[in-house]
Amino acid sequence: MNDAPITLPSSPGWPGDGVHRVPYWVYTDPDTYRRELERFYYAGHWCYIGLEAEIPHPGDFRRSVVGERSVIMVRTQDGGVRVLENVCAHRGAQFCRERQGNRKEFVCPYHQWAYDLEGKLRGIPYRRGIRQDGQLNGGMPADFQMEGRGLTSLKVAVRGGVVFASFDHSLESFEDYLGPTILSYFDRVFDGRKLKILGYNRQRIPGNWKLMQENIKDPYHPGLLHSWFVTFGLWRADSKTSLKMDPHKRHAAMIGVRSVGKPAGDVVSGVTSYKADMSLRDPRQLDIVPEEWWKGPTAVMLTLFPSLIIQQQVNSLSMRHIQPRGPGVFDFVWTHFAFEDDSDEMIQRRLLQANLFGPSGYVSADDGEVIEFSQMGFQEKPDQQCLLEMGGHDSEEATNIASETLIRGMYQYWRRVMGV
Amino acid sequence: MNQALEPLVYTELLQLYAEYTAAVDAGNWDRWPEFFTEHCVYKLQPRENHERELPLATLHFHSKGMLQDRVYGIRETLFHDPYYQRHVVSLPRVLAVDRGRWFLEANYAVFRTKLGEISTVFNVGRYLDEVVRVDGALKFASRFCIYDSEMIPNAIIYPI
Ligand code: FES
Ligand SMILES: [Fe+2]
């Protein structure tokens, strides 16, 4: 992070036809990264911005990002949601510095150009010049039009209280973008209930942003890396699992039903993270109470390409926003939430189960660590390849954890869009 | 509220702070829960959540048992890159004294050193503490670590 690693000259060619080999340069090459921002974050894709519950009242705003670009999510006077780029139309100042707040208008501090909540340019000091000795001097040319000179306004989609946006106004609807299967899992959580923000966690992970998408498209690791998952049966080899994708294979759902009872021999044989005699001194951290809206699965992890992971793992819920900051680093911002009609006990339960997640969490802290280790390996040898053959070479939907099909699916899509 | 603070008690409080710091810097994890009462609250929380009264914490433990579970996690279940941590903690400022309860705050800065790496600033914030006496010894009834650091450099595994 401190010293940019020297990336050896790479030969960005794809090894072979398939997606069961992924070359290391996709995680390290600066040109590839630039193109990814252009093609995935700045065009053709809906990016996560935030939750409506973060801006309940007219004039409320909160900053977010699309790729590396700073944007502001605003509640307008008529109750709508706008997403504006945080770049002044005059000379580019990133004028909004607060994280959040309430405003009647946005004023750039540099020359005080003023914008309304819709992003329209409303005021330019000395626009008509300055009167000196009875004469008007300077100012904008007489034919200057304020119209159309406002802040860049993004296309916005709001569904179930979740806000997405895109710089690309020709983009398909959010619903078409997700496709029916993934949309149904999205709606399972966001079915119109009002959300309640529980708080945030922020971590900077020294790895390529795709590694976080891959981590949540990888059902192979949870039962190996995370003792809590294996030992308490939250996600392991004997958990009923299904792996689903949208038709483009860019988004995915990992759906699991927790295993109860002791695992049979081959589930954990040789798995060192399984701790047969582990028990919690204070079991309130895993006081799981099934909720009706789960409709069966105890966990559904959604990866919405490119920028969002939606977590429902037992009673804990979070939005995890991927914010790339260069080929080898991304910020990972967690917004935990509950529902407004939750009882106090349920909120307390969600908060205690949050100990599993985030930058210190029992089943998440180590994900960031292993991503860092992968990135270290990639940087040394851009032409070497990851071997992704668990579950075969194809990228069909599957129903077991020993499969990397979702990652292969993502690279099938990635290759098409990137033209490699 | 706000009874006088006896100098001897302040010396004891200083001792509590110094021992706590020594334990977490030495990686003496078994000692860590012993600084707390049975029904303690330990929180490691971003400043934004604290100031906006958002309840989520990065770590949120409600009993000594949960602290012991964390110790087990550090030793046995949390896979992580090993590192040293080094706390620099200010003199505690006494906010209030109330019938055997001391409310204090102190600034802290934690440096992290990974093997083969230079030392970096890891986490910076303040402790908000409530100290009580249990069987003669001072213990934390609650310790909130409210951190300014806007980004956690990947992961925080060990207790602050
Ligand atoms: S740069 Fe914003 S007003 Fe000049
Ligand atoms: Fe994981």
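Participant: Just to check I follow, could you spell out the nonpolar core for this structure?
Facilitator: Proteins that are soluble and globular tend to have nonpolar side chains buried together. In this structure, Phe-186 and Tyr-411 of chain A together with Tyr-42 of chain B are the most contacted members of the largest nonpolar core, which totals 144 residues. The dominant element in this core, judged by the number of residues it contributes, is helix H2 (residues 174-189) of chain A, at eight residues. Sequence-distant contacts of Tyr-42 of chain B, that is, excluding residues within four places in its chain, are made with Tyr-20, Trp-32, Phe-36, Leu-59, His-60, Phe-61, Leu-67, Arg-143, Cys-145, Pro-159 and Ile-160 of chain B. Formed by 17 residues, the second largest nonpolar core is a distinct cluster that contains Val-74, Trp-113, Leu-121 and Leu-151 of chain A.

Participant: Is there a simple way to think about the packing of helix H1 (residues 30-41) of chain A against helix H9 (residues 405-418) of chain A in this case?
Facilitator: For any two helices packed against each other, one specifies the crossing angle of their axes together with the interaxial distance. Residue and element names in this part refer to chain A. The N-to-C vectors of H1 and H9 enclose an angle of 90°; their axes lie 10 Å apart at closest approach. Put simply, H1 runs roughly perpendicular to H9. For the pair H1 and H9, the contacting residues are Thr-32, Arg-35, Glu-36, Arg-39 and Phe-40 in the first and Tyr-413, Trp-414, Val-417 and Met-418 in the second. Across the contact of H1 with H9, the residue classes tally to five nonpolar, one polar and three charged.

Participant: Got a minute to help me understand the pairing of strand S18 (residues 308-313) of chain A in this structure?
Facilitator: Working note: regular strand, side chains alternate between the two faces of the sheet. All names here are of chain A. Counting buried residues along S18, six of its six residues qualify, which places the element largely inside the surrounding structure. Every second residue of S18 is oriented toward a common face, with Leu-308, Ile-310 and Gln-312 on one face and Ile-309, Gln-311 and Gln-313 on the other, all of them buried. As paired elements, strand S17 (residues 299-304) and S18 share six bridges and run antiparallel to each other. Within S18, the position partnered with Thr-303 by the bridge is Ile-309. Counting the residues in the hairpin turn of S17 and S18 gives three residues. In terms of strand pairing, S18 meets strand S19 (residues 316-324) through six bridges, oriented antiparallel. Considered in S19, the bridge of Ile-310 is made with Met-319. A loop of two residues connects S18 with S19, the two strands running antiparallel in sequence, and Val-314 in this loop sits at a positive phi of about 40°.

Participant: It is not clear to me how unusual backbone geometry should be interpreted in this structure. Could you clarify?
Facilitator: Trans is the prevailing form of peptide bonds, just as negative phi is the prevailing case for residues other than glycine. Residue and element names in this part refer to chain A. Following Phe-305, the chain continues to Pro-306 via a peptide bond in cis, the omega torsion being 0°. For Pro-306, the position within the fold is in the loop between S17 and S18. Positive phi outside glycine occurs at Lys-295, with the angle close to 55°. Here Lys-295 is to be found in the loop between helix H6 (265-268) and S17. Among the residues examined, Lys-295 registers a relative accessible area of 66% and is labelled exposed.

Participant: Honestly, the interface of chain A and chain B in this entry has me stumped. Any pointers?
Facilitator: Much of the literature gives interface size as the accessible area that the parts lose upon coming together. Each partner contributes to the interface: chain A provides 43 residues, whereas chain B provides 39 residues. Between chain A and chain B, the buried area comes to about 3,600 Å², and carbon and sulfur atoms account for 51% of it. If you sort the residues of chain A by the area they bury against chain B, Ser-360, Tyr-362 and Glu-369 of chain A come out on top, with a joint share of 17%. Inspection of the region where chain A meets chain B yields six salt bridges. Across the pair Glu-372 of chain A and Lys-114 of chain B runs a salt bridge, and its minimum N-O distance is 3.5 Å. Between chain A and chain B we count 27 residue pairs in polar contact (both at pLDDT 80 or more) in total. Looking at the side of chain A that touches chain B, the elements with two or more residues in it are strand S14 (195-205), helix H5 (227-231), strand S20 (330-339), helix H7 (344-353) and helix H8 (365-380) of chain A. It is S14 of chain A that contributes the most residues to the side of chain A that touches chain B, nine residues altogether. Considered class by class, the residues forming the side of chain A that touches chain B number 17 nonpolar, 14 polar and 12 charged. Relative to strand S8 (residues 152-153) of chain B, S14 of chain A is paired through two bridges, and the arrangement is parallel.

Participant: Before we go on, may I ask you to explain the pairing of strand S2 (residues 47-51) of chain A in this structure?
Facilitator: All names here are of chain A. For S2, the tally of buried residues reaches five of five residues, placing the bulk of the element in the interior. Of the pairings in the sheet, the one linking S2 to strand S13 (residues 162-166) comprises four bridges and is antiparallel in character. Looking across to S13, one finds that Leu-51 is bridged to Val-162.

Participant: Whenever I open this one, the confidence of the model for chain A confuses me. Can you help?
Facilitator: Should the pLDDT be low somewhere, the predicted coordinates at that spot are not to be read in detail. When pLDDT is averaged across chain A, the result is 95; 97% of the residues are at 70 or more. When mean pLDDT is taken per element in chain A, S13 of chain A scores highest with 99 and H6 of chain A scores lowest with 83.

Basis of the calculations
Residues numbered from 1 in each chain as written. Chains lettered and ligands numbered in written order. Predicted model: local features only at pLDDT ≥ 70, side-chain atom pairs only at ≥ 80, totals over all residues. Heavy atoms only, no water. Core = buried A, V, L, I, M, F, W, Y, C linked by side-chain atoms within 4.5 Å. Buried < 20%, exposed > 50% of the residue type's maximum accessible area, 1.4 Å probe, protein only. Helix = DSSP H or I, 4+ residues; strand = E, 2+ residues; numbered from the N terminus. Contact = heavy atoms within 4.5 Å. Axes fitted to C-alpha atoms, helices over the stretch in contact; angles between N-to-C directions. Parallel < 35°, antiparallel > 145°, perpendicular 65-115°, else oblique. Nonpolar A, V, L, I, M, F, W, Y, C, P; charged D, E, K, R; others polar. Pairing = 2+ DSSP bridges. Buried area = accessible area lost by both parts, 1.4 Å probe. Salt bridge = Lys/Arg side-chain N within 4 Å of Asp/Glu carboxyl O. Polar contact = N/O pair within 3.5 Å; in protein donor to acceptor, adjacent residues only side chain to side chain. pLDDT = per-residue confidence, 0-100.

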